[in-house]
Amino acid sequence: MAAAVPSIEKAAAGIKSNAVLDFLRKPKQLLINGKWVSAKSGKTFETINPANEEVLALAAEGDKADVDEAVKAARKALEGKWSSINPHQRAGYLLKIADLIEAHADELGTLESLNNGMAISLAKGMASGAADTFRYYAGWATKIYGETNPSDPSVFNYTLREPVGVCGQIIPWNGPIAMFAWKIAPALACGNVSIIKPAEQTPLTALRLGELLLEAGIPDGVVNIITGFGETAGAAIAEHPDIDKVAFTGSTEVGKLILKASAGNLKRVSLELGGKSPNIVFADANLDQCIPTSLFGFTMLSGQVCCAGTRVFVQRDFHDEFVDKLAKQASQAKAGDPLDPKTTIGPLVSKEQFDRVKGYLDIGKKEGAQPKLGGEVRNGKGYFVDPTIFTNVKNNMRIAREEIFGPVASVIPFKDENDAVLQGNDTTYGLAAAVWTNDVSRAHKVARALKAGTVWVNCYNNIDPISPFGGYKQSGIGRELGKHSIELYTQIKSVYLKLN
Ligand code: NAP
Ligand code: MG
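Note on numbering: residues in each chain are counted from 1, in written sequence order. For naming, the first written chain is A and the first written ligand is 1, with later ones following in the order written. Where local features are concerned, this predicted model is filtered to residues with pLDDT of at least 70; where side-chain atom pairs are given and counted, the filter is 80 or more; whole-chain, interface and lining totals use all residues. Excluding hydrogens and water, the side-chain values take into account all heavy atoms of the structure.

Student: Where do I start with the environment of Leu287 in this structure?
Tutor: Starting at the N terminus, helices and strands are each numbered in turn, a helix being any DSSP run of H or I of at least four residues and a strand any DSSP run of E of at least two. Among the secondary structure elements, Leu287 is positioned in helix α12 (residues 287-299). A simple rule labels every residue: compare its accessible area, found with a 1.4 Å probe on the protein chains alone, to the largest value its type can have, and call it buried under 20%, exposed over 50%, or partly exposed in between. The buried category is assigned to Leu287, whose relative accessible area is 13%. Once the C-alpha coordinates of Leu287 and Trp436 are considered, the two residues, 149 residues apart in sequence, prove to be 9.0 Å apart. Pairs of residues are marked as contacts when any of their non-hydrogen atoms sit within 4.5 Å. Sequence-distant contacts of Leu287, defined by excluding residues within four places in its chain, comprise Val281, Pro292, Phe318, Glu321, Phe322 and Lys325.

Student: Looking at this structure, how should I read the pattern of salt bridges?
Tutor: Opposite charge on two side chains lets them pair, provided their charged atoms get close. In the sections that follow, a salt bridge refers to a side-chain nitrogen of Lys or Arg positioned within 4 Å of a carboxyl oxygen of Asp or Glu. Considering all chains together, one arrives at 30 salt bridges under this definition. Salt-bridge contacts for Glu9 lead to Arg25; the nearest nitrogen and oxygen are separated by 3.6 Å. Here Glu9 is found in helix α1 (residues 8-11), whereas its partner Arg25 is found in helix α2 (residues 18-25), with 16 residues between them in sequence. Across the pair Lys351 and Asp355 runs a salt bridge, and its minimum N-O distance is 2.7 Å. Here Lys351 pairs with Asp355, and both are found in helix α14 (residues 351-367), just 4 residues apart, close to one helical turn. Given the relative accessible area of 45%, Lys351 is considered partly exposed. Take Asp355: its relative accessible area is 35%, and that puts it in the partly exposed class.

Student: Would you mind going over the nonpolar core with me for this structure?
Tutor: Within soluble globular proteins, side chains that are nonpolar tend to cluster in buried spots. If you look at the biggest cluster of nonpolar residues, it comprises 131 residues, and the most contacted ones within it are Phe134, Phe180 and Phe322. Of the residues forming this core, the biggest block, 11 residues, is contributed by helix α8 (residues 176-189). Here the bounds of each domain stem from an automatic or database domain assignment. Both domains that furnish three or more residues to this core are identified here as domain 1 (8-273 + 477-493) and domain 2 (278-465). Those residues in contact with Phe134 that lie beyond four places of it in its chain are Leu94, Ile97, Ala98, Ile101, Phe180, Ala181, Ile184 and Ala185. The criterion is simple. A nonpolar core is a set of buried Ala, Val, Leu, Ile, Met, Phe, Trp, Tyr and Cys residues joined through side-chain atoms within 4.5 Å.

Student: Hey, could you run me through the sheet that holds strand β13 (residues 311-315) in this one?
Tutor: The strands that make up a sheet pair up through hydrogen bonds in the backbone, lying either parallel or antiparallel. Paired strands, as defined in this entry, are two strands with at least two bridges between them according to DSSP. If you trace the 7 strands from one edge of the open sheet to the other, you get β14-β15-β16-β13-β12-β17-β18, paired in mixed fashion. Either end of the sheet is taken by a strand with one partner, and the two such strands are β14 (370-373) and β18 (454-457). Pairwise comparison of adjacent strand axes, ignoring direction, gives a mean angle of 25 degrees for this sheet. Taken together, the 5 bridges between β13 and strand β16 (residues 408-414) define a ladder with parallel strand orientation. Following the sheet pairing, Phe313 is matched in β16 by Ile412. On the sheet, helix α13 (residues 319-331) packs against β12 (278-281), β13, β14, β15 (388-391) and β16 and is oriented at approximately 60 degrees with respect to β14. Axis angles are defined between N-to-C directions and span 0 to 180 degrees, where every axis is a line fitted to C-alpha atoms and, for a helix, only to the segment in contact.

Student: Would you mind going over unusual backbone geometry with me for this structure?
Tutor: Glycine aside, negative phi is the norm for most residues, and most peptide bonds take the trans geometry. Unlike most non-glycine residues, Asn461 shows phi in positive territory, near 65 degrees. Relative to the elements of secondary structure, Asn461 occurs in the loop between β18 and β19 (476-477).

Student: Quick question: what am I supposed to make of the pairing of strand β4 (residues 54-60) here?
Tutor: Every regular strand shows the same layout, with side chains that alternate between the two sheet faces. Among the 7 residues that make up β4, 6 are buried, leaving the element largely enclosed by the rest of the structure. Pairing analysis gives 6 bridges linking strand β3 (residues 44-49) to β4, with the strands arranged antiparallel. Considered in β4, the bridge of Asn49 is made with Glu54.

Student: I keep staring at the site of ligand 1 and nothing clicks. Help me out?
Tutor: Contacts to ligand 1 come from 29 residues, most closely from Ile171, Trp173, Glu200, Gly230 and Ser251. Here a polar contact is taken to be a pair of N or O atoms separated by no more than 3.5 Å, where protein atoms must pair a possible hydrogen donor with a possible acceptor and residues adjacent in sequence count only if both atoms sit in side chains. In the model, an oxygen atom of ligand 1 is placed 2.6 Å from a nitrogen or oxygen of the Trp173 side chain. Measuring from an oxygen atom of ligand 1, one finds a side-chain N or O atom of Gln353 at 3.2 Å. When the free accessible area of ligand 1 is taken as 850 Å², the share hidden by the protein chains comes to 91%. Mapped by element, the contributors of at least two residues to the shell around ligand 1 are α10 (230-239), β10 (245-249), α11 (252-261) and α14. Side-chain classes are defined by residue name, with Ala, Val, Leu, Ile, Met, Phe, Trp, Tyr, Cys and Pro counting as nonpolar, Asp, Glu, Lys and Arg as charged, and the others, Gly among them, as polar. Per-class residue counts for the shell around ligand 1 are 15 nonpolar, 10 polar and 4 charged. Taken domain by domain, the shell around ligand 1 gets at least three of its residues from each of domain 1 (8-273 + 477-493) and domain 2 (278-465). Note on definitions. A residue lies near a molecule or strand when any single heavy atom of the residue is within 4 Å of it. Working definition of accessibility: Shrake-Rupley area with a 1.4 Å probe, residue cover restricted to the visible protein chains.

Student: Looking at this model, I keep getting lost on the packing of aromatic side chains. Mind explaining?
Tutor: Each aromatic ring pair is summarised here by two numbers: the centre-to-centre distance and the angle between the ring planes. Planes of paired rings set the category: under 30 degrees apart is stacked, over 60 is edge-to-face and the rest tilted, where pairs are Phe, Tyr or Trp rings (Trp by its six-membered ring) whose centres lie within 6.5 Å. With the rule as written, the count across this model stands at 10 aromatic pairs. With centroids separated by 5.4 Å and ring planes inclined at 75 degrees, the aromatic side chains of Trp182 and Phe469 adopt a geometry described as edge-to-face. A residue pair is termed long-range when its members are at least 10 positions apart, and Trp182 in helix α8 and Phe469 in the loop between β18 and β19 qualify at 287 residues. With respect to burial, Trp182 and Phe469 carry one shared label: buried. Look at Phe318 and Phe322: their rings are 6.0 Å apart centre to centre, the planes differ by 70 degrees, and that puts the pair in the edge-to-face class. Per residue, the accessibility class of Phe318 equals that of Phe322, and both read buried. Looking at Lys28, its charged tip hangs above the ring of Phe23, at a distance of 4.9 Å from the centre. Counted as over-ring charges are cases with an Arg CZ or a Lys NZ within 6 Å of the ring centre that also lie within 35 degrees of the ring normal. One residue, Lys245, lies across the ring of Tyr489, its end atom 5.2 Å from the ring centre.

Student: Looking at this structure, how should I read the sheet that holds strand β20 (residues 490-498)?
Tutor: Here 3 strands make up an open sheet; going across it, the order is β5-β6-β20 and the pairing antiparallel. The open sheet has two edge strands, β5 (148-149) and β20, and neither has a second partner. Bridge count between β5 and strand β6 (residues 155-163): 2 bridges; the pairing is antiparallel. Within β6, the position partnered with Thr148 by the bridge is Tyr158.

What follows is the structure, encoded as structure tokens:
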């Protein structure tokens, strides 16, 4: 049975941009070998606008057969033209892509907001950030050095830093444009080729970025985009015998599956997984900055952020004052129309995520936590959830241990520095952490003691391509961004040359 054509007028009501509407009206196909093609199975799946639950688009449901085609095209590109272009030319492609993203940032941001539900101001910011990421890695393309080594005088020894090869890149729905840039920009800078799979909930911006990559002149097969499901298309990438590296961002549970699947041909694996990040507030913190930033820390993107500061540890002496102030500020931050520039919290991405968050709100109450604010999801059209602040939370409750991925914070008191660090580190995750204090020495001591890949002092959610991002413990393997992505996407060859 042919799937019904979506009603763009209903799903994208209020959108005036012709660029966005024209894109939505086009068929959503796979990008393989520089061409847009339907899935071999002919199947498609629905893409929903989470603000109104209408069908925005039908995307091609790629699976193993399509992944096989994409891998062949990528391998051919890797061994063909792409390997013969010089680093300046690679930098040139990345700069062109950055310029195109910048020029289309409003359009990309609007599409992201329609598809993911993210507040439009944030979505446009993320699109501009993606342009920065491409520019940053354009700079690296011409700065990937080998070494000459102090060898025995009878030989000359040097190293070459070469691309890893065919990369499978599997990304989540929570920051689709940013994740596309974090994966594609360094991979291309280092001379790799890619098969990228966006999340089933959010295929749209990756497809539009695919068009921009073609416009920038990226050779056929260098970047292939397979929309589809994790269990089929994603798994086919993870276990493919001719993919050399897999880079994954998503849940810890699926990260473990990826690691297992990659064992078949011993792929290199980098994983950026979940978190349950502590945001530690000492009594000497500047509350004028700490309150709004802590709120942003757990409500940015409706809390659907791997590094969200969902465990807010507050020094016992001023716990009640802090909770009152945070709740007062949070009560003014209702979830709203993501396309309204004033909105800071849009809907959750999907019905599945809405049900999951609702489930955790019930679990929290059953565990004995008290909602100081919120505690319920909103009824009606769209997956809207206003901020919830739980008090009376123990660090061993499920709501304090498991990733909720909604605008839900647990406030937990602590006694002193030692107690803050012990409780903060008492988690299986280690993606990020924050500390708020005016005592410089304490800030450095606590930053050192926290077992997390990123620590923010008197700020939250700062992320910049110049600096590594990734997790301790079960929050991942490897670091992305900065020079660390260059490590992930290159391998080293040592060459000995006999001197006669
Ligand atoms: P997920 O399943 O881990 O999704 C991430 C990506 O992996 C998606 O592209 C997904 O495809 C793909 N995938 C799923 N199963 C796969 C498999 N067996 N082999 C290869 N790829 C596979 O995450 P989710 O289901 O969207 O969300 C579940 C929970 O994960 C969330 O509630 C949240 O707690 C957490 N999460 C964390 C992050 C993060 O940044 N750390 C991001 C997203 C979600 P499909 O889209 O088809 O599933
Ligand atoms: Mg999934």
